[in-house]
Amino acid sequence: MTDSIVDAKLELKQASKEFKESENVAEKYSAMTVSKNSDVNMNVGELSAAFTAVPTHKSVKKLQFASQEEKQEFSKFPTKTGRRSLSRSISQSSTDSYSSAASYTDSSDDETSPREKTQVNSKGSSDFCVKNVKQAEFGRREIEIAEQDMSALISLRKRAQGEKPLAGAKVVGCTHITAQTAVLIETLVALGAQCRWAACNIYSTQNEVAAALAETGVAVFAWKGESEDDFWWCIDRCVNTECWQANMILDDGGDLTHWVYKKYPSVFKKVRGIVEESVTGVHRLYQLSKAGKLCVPAMNVNDSVTKQKFDNLYCCRESILDGLKRTTDVMFGGKQVVVCGYGEVGKGCCTALKALGAIVCVTEIDPICALQACMDGFKVVKLNEVVRQVDMVITCTGNKNVVTREQLDRMKNGCIVCNMGHSNTEIDVASLRTPELTWERVRSQVDHVIWPDGKRVILLAEGRLLNLSCSTVPSFVLSITATTQALALIELYNAPDGRYRQDVYLLPKKMDEYVASLHLPNFDAHLTELSDEQAKYMGLNKNGPFKPNYYR
Amino acid sequence: MSACDVPAESFAAMAEDSELHGIPENVLQLGSSVPPAPQHSDAECNPGTEASAAEGSWSGRWVLLRLLDQAEARHSAYLLAPKEASAVLEGTVPEAPRMDRKIQVSEQAQVFSERRSKAVCCSLPPSSSDSCSSESSEGKTSPRYMEQVNSKGSKDFCIKNIRQAAFGRKEIEMAEQEMMALMTLRRAAEGEKPLAGAKIVGCTHITAHMAVLMETLSVLGAQCRWAACNIYSIQNEVAAALAEGGVPVFAWKEESEDDYFWCIDSCVNVEGWEPNMILDDGGYMTRWIYKEYPHLFENIKGIVEESVSGIHRLYQLYKTGKLCGPAINVNESLIKQKFDNFYCCKETVLDALKRTTDVILAGKQVAVCGYGEVGKGCCAALKGMRAIVYVTEIDPICALQACMDGFRVVKLDEVISMVDILITCTGNKNVVLREHLELVKNGCIVCNMGHSNTEIDVASLITPELTWRHVRAHVDHIVWPDGKTIVLLAEGRLLNLSCSTVPVYVLSITATTQALALIEMFNAPEGHYKQGIYLFPKKMDEYVSVLHLQSFDAHLTELTDEQAKYMAINKNGPFKPSYYRY
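Residues numbered from 1 in each chain as written. Chains lettered and ligands numbered in written order. Predicted model: local features only at pLDDT ≥ 70, side-chain atom pairs only at ≥ 80, totals over all residues. Heavy atoms only, no water.

(A) Looking closely at the domain arrangement of chain A. What the domain assignment lists for chain A is domain 1 (116–303 + 495–523) and domain 2 (314–470). For domain 1 of chain A versus domain 2 of chain A, the separation of C-alpha centres amounts to 37 Å. (Domains from an automatic or database assignment.)

If you want it as structure tokens, here you go:
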């Protein structure tokens, strides 16, 4: 029950936050910064209290979910791909490493807010604000582990270290602060940039990583479990410094851009570009651009081809099996599975399940995708036709109420129901909370819902995203994202004047290709080069781009 | 060989005189650069659809038919009486020499666009030559000088022999059974006659499958006149059956070049009949009308063009501002592209390898050059047969995809001495060189799925020290002085066209796409399509898919109103933004 209270409160708070944000942003800021007694702050206080009271892994995740949903409201016409990557941009590993980080940190620390403490790193600098700079050594270890999985970024670092393509760049960033991000930040520093960093999510920060960054001289303002007030204070500290004016912005969620836009519009005069990572932030940028208020070029890295493929197809292809195995230890061979939706996520799930010998049916609304499913050898059915026979129902439509109570009523005993799609709307879980049904928590993320006649349906992660709740995002995928961000920064910073105007751009195909090529050594893959003659015949540059822009 | 190049060369000559020839730019790129507004937004492209979609309560499937309401219902003089459905031709069609096909493939379309898309290959007919068994009995008089009358007393056609009609009818009926989607469209729209008043002049391959399309158009209310776009692909008996059914057809197999243009002219140049739609494959018809009867363009409501080369010509016209009507590029239709490249090649690569070499694929080491749509198809199929597959690629994005799909990405040099089978599908030239072939091991099979005959440097193998042994149709053994033998398939030309067939299902996709494009153009409100070249609207792509889903017994789920609202899409599509590439 406490969980749901936390949830409810959080949702409430975030709903109100959202409302205010979309209604009148300025009002919101004044409410938060000026009047300490406002309802918003009250809520935040209660919330963090409740949160510390129930420090389970799961509640952290829930909180993240709620915040995802909140963001979703923002974009009125979210595409499927958009939704997927939104979920990804709230970095999974951040919550995971929360649990690992917990082992070194929380117990030892007092409750004083880091804002009140003055800390000094070994170089004598105190221009940072983290939980405890003494944890730096642990954080360094985390970063080193992450570096091993992010060889693309490391090789970018090595290749460009000499030229220092970011020399003179002053990057102000607002992202999840995790070991993977730290690798990105240190890469940017190695390429010549000066960085100041804040967290884009109050829960995802790895304190010891922040400490390690602070120790090396990056101005980091972040700790886990900041209050909302702290959150904006941290962002403000990043931007509002004497004799240091940012000329690049790296954002995840658009909060930083927003803050700069509202508080320090003069900064934009010097800013050469914004790199935005999340769907929400991109959506905000498009809105600004539409209203003619965007005064610098912005790069949408979320929709880069490579990143989209990894976020959806490849990542889900692996995590569907992982998520199901971890939670249920089910054997897939010969099982009848119905997958709702045959977009990128659905394609990944179907491929993986088929490979393990499951009998897979697909439901689809889009005839083109349905035809693809047919041609790939999957039976296209309506859910009602097969719901009685199937052993597993997996939703990945991005829609809502795809599996309704009525269908759950007809499932056979032991049917596994889970969601790979988006948020927690796809399975109508609320309809299962009725008196005649008994819920039994079997293990973490696994609930048995028992009908009066004894039939059980196994619901995973309470209908939330299976791959985020019960599986992890591989560092390789995060490496794709981080590399894309780094290249977008380099591109924007070094672009000749006039190439980018005040608009939102997609990452150029050439950069996408570069991201891909940096990751190829991981597979020991050897790219063929065009001969001059062949390049001429194809009408291509030998070094790319190799495909027209609309090629996907 | 040389005779068959005639139309292509003459076309090239025609092209040259207006400086259209030899522009080494990709058709696709032209497409993206030329008319930005119509090309890139399906949504904008089709406001009529949206509008009528908002009102009206129809079950998603017949969206189209509602669109066509404006078309006045009218009986067509060309409505065909349905034949008895019982006739199913017994026995198999005689195995035909496949020579014709490879000729069509290798040379014809290439003259116009230096860098072609792979889809060219499938716009050519698969089974054209398979059924021409009855010619030997015919006299040598050119059909131009014979007068023939069909059973209704009409003489408005010109074909080899009208008496073959019954045989051709059987062919058509067989094709009808395989082309369920088109038949469904026919039945569904028969009442509304969305093409009533359309006068379509067509120039396509004349095969049983195209006959099904023509008759469908007739049933939907159109008047058609038809010529052939390729002098070898004509099935005489099918042409006869069409003529008997009342469609003025001007085509016979192996017409001369002179005859070829005479036939096209006969289609257009009739008193009291002016075409208002053009269905073209290769651009010859458009070109002819443009040259000889430019005034006809005043009435033309739209051009539907099927081939890459034809599209290329249209873009040239558009660039010079000479295109005086809207055109739809059906070749780039998303669903057609997928089928032409990915699905089709996935099946044919195995089929062709088996037919030609009877090789067992499991455990064989295969190098596939190129990981585009064709390469993805080939790799998937070969992996399914448990071959060990290596990929070579130049584009890092595609290379990464190959890695993630579980294929080793290598350079050809690294694996060339190990592989048992070498398949090219890059669309480039000289991918496999003599020096590579020197290194391959004894018995290696070398073939090309990609494009034309440029990928393998076959010319370099024609040297005195190498012995060529023709083993069977499309299989050559090339023997090195030391006894090493490599197996070259189809002399380096397209394997899937030379040694396998294009499934009827794929043809059905194409034909349905063409029919819907015609309907869309004909019924679009005035001014909806301006002068320009449009992509096939996504909504229509979806409709083509709906029609084809039936053959899989696939049951499409429908959105509830609530869900549609949540997703902010129309319940009846389009379901994806226009940039979504599936």
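(B) The arrangement of the sheet that holds strand E9 (residues 379–380) of chain A in detail. Residue and element names in this part refer to chain A. Taking strand neighbours across the sheet as the criterion, the eight strands line up as E9-E8-E7-E10-E11-E14-E13-E12 in an open arrangement whose pairing is mixed. Each end of this open sheet is capped by a strand with a single partner; those strands are E9 and strand E12 (438–443). Relative to strand E13 (residues 446–450), E12 is paired through five bridges, and the arrangement is antiparallel. Pairing of Trp439 across the sheet is with Val449, part of E13. The sheet contacts of helix H15 (residues 344–355) involve strand E7 (336–340), strand E8 (359–363) and strand E10 (392–395), and relative to E7 the element is tilted by about 170°. (Pairing = 2+ DSSP bridges. Helix = DSSP H or I, 4+ residues; strand = E, 2+ residues; numbered from the N terminus. Contact = heavy atoms within 4.5 Å. Axes fitted to C-alpha atoms, helices over the stretch in contact; angles between N-to-C directions.)

(C) Helix H18 (residues 396–404) of chain B, seen in detail. Along H18(B), nine of the nine residues are buried, which leaves the element largely enclosed by surrounding structure. Against the buried residues of H18(B) lie helix H14 (305–328), helix H20 (475–494) and helix H21 (509–519) of chain A together with helix H17 (373–384), strand E8 (388–392) and strand E9 (408–409) of chain B. Capping the start of H18(B) is the job of one residue whose side-chain oxygen sits 2.9 Å from the backbone nitrogen of Ile397(B): Asp395(B). The first or second residue beyond H18(B) is Gly406(B), which carries a positive phi of 90°. (Buried < 20%, exposed > 50% of the residue type's maximum accessible area, 1.4 Å probe, protein only. Polar contact = N/O pair within 3.5 Å; in protein donor to acceptor, adjacent residues only side chain to side chain.)

(D) Examining the side chain of Ser319(A) more closely. In this structure, Ser319(A) sits in helix H14. In contact with Ser319(A), not counting residues within four places along its chain, are Met420(A), Asn467(A) and Ser471(A).

(E) Here's a closer look at the packing of aromatic side chains. All names here are of chain B. Enumeration according to the criterion identifies 21 aromatic pairs over all chains in this entry. Centroid distance Phe339 to Tyr505: 5.9 Å. Interplanar angle 50°. Geometry classified as tilted. You can see Phe339 sitting in helix H16 (residues 334–357) and its partner Tyr505 sitting in helix H22 (residues 504–523), a full 166 residues away along the chain. Note on Phe339: relative accessible area 1%, which makes it buried. Centre to centre, the rings of Tyr505 and Phe552 are 5.4 Å apart; their planes meet at 65°, and the pair counts as edge-to-face. (Phe/Tyr/Trp six-rings, centres within 6.5 Å; stacked < 30°, edge-to-face > 60°.)

(F) Representation of the packing of H21(A) against H18(B). Direction vectors running N to C along H21(A) and H18(B) enclose 40°, while the axes themselves pass 7 Å from each other. Put simply, H21(A) runs oblique to H18(B). When the axes of H21(A) and H18(B) are compared, the crossing they make is left-handed. Listed contacts from H18(B) to Lys509(A), Asp512(A), Glu513(A), Ala516(A), Ser517(A) and His519(A) of H21(A) are Pro396(B), Ile397(B) and Leu400(B). (Parallel < 35°, antiparallel > 145°, perpendicular 65-115°, else oblique. Left-handed = near helix turned anticlockwise from the far one by under 90°.)

(G) Structural detail: the environment of Ala352(B). Residue and element names in this part refer to chain B. As for its placement among the helices and strands, Ala352 is situated in helix H16. The class for Ala352 is buried, based on a relative accessible area of 0%. In sequence terms Ala352 and Ser498 are 146 residues apart; their C-alpha atoms lie 8.3 Å from each other. Once you skip the residues sitting within four places of it in the chain, Ala352 turns out to touch Leu495, Cys499 and Ser500.

(H) Main features of the confidence of the model for chain B. Residue and element names in this part refer to chain B. The predicted model of chain B averages 77 in pLDDT, with 76% of residues at 70 or higher. Note on residues 1–138: pLDDT under 50 across the span, and 271 contacts to partners over four residues away in sequence or across chains. Both confidence scores are given for the complex: pTM 0.71, ipTM 0.71. (pLDDT = per-residue confidence, 0-100.)

(I) Quick peek at the pattern of salt bridges. Following the criterion strictly, the structure yields 45 salt bridges over all chains and no others. For Lys379(A), the salt bridge goes to Asp553(B), with nearest N and O atoms at 3.7 Å. Here the residue Lys379(A) occupies a position in strand E9, and Asp553(B) occupies one in the loop between helix H23 (538–549) and helix H24 (561–567), the pair thus bridging two chains. Using a relative accessible area of 44% as the deciding quantity, one classes Asp553(B) as partly exposed. Between Glu533(A) and Lys429(B) there is a salt bridge, with its nearest N and O atoms 3.7 Å apart. With Glu533(A) in helix H22 (residues 532–538) and Lys429(B) in the loop between strand E10 (421–424) and helix H20 (434–439), this pair bridges two chains. (Salt bridge = Lys/Arg side-chain N within 4 Å of Asp/Glu carboxyl O.)

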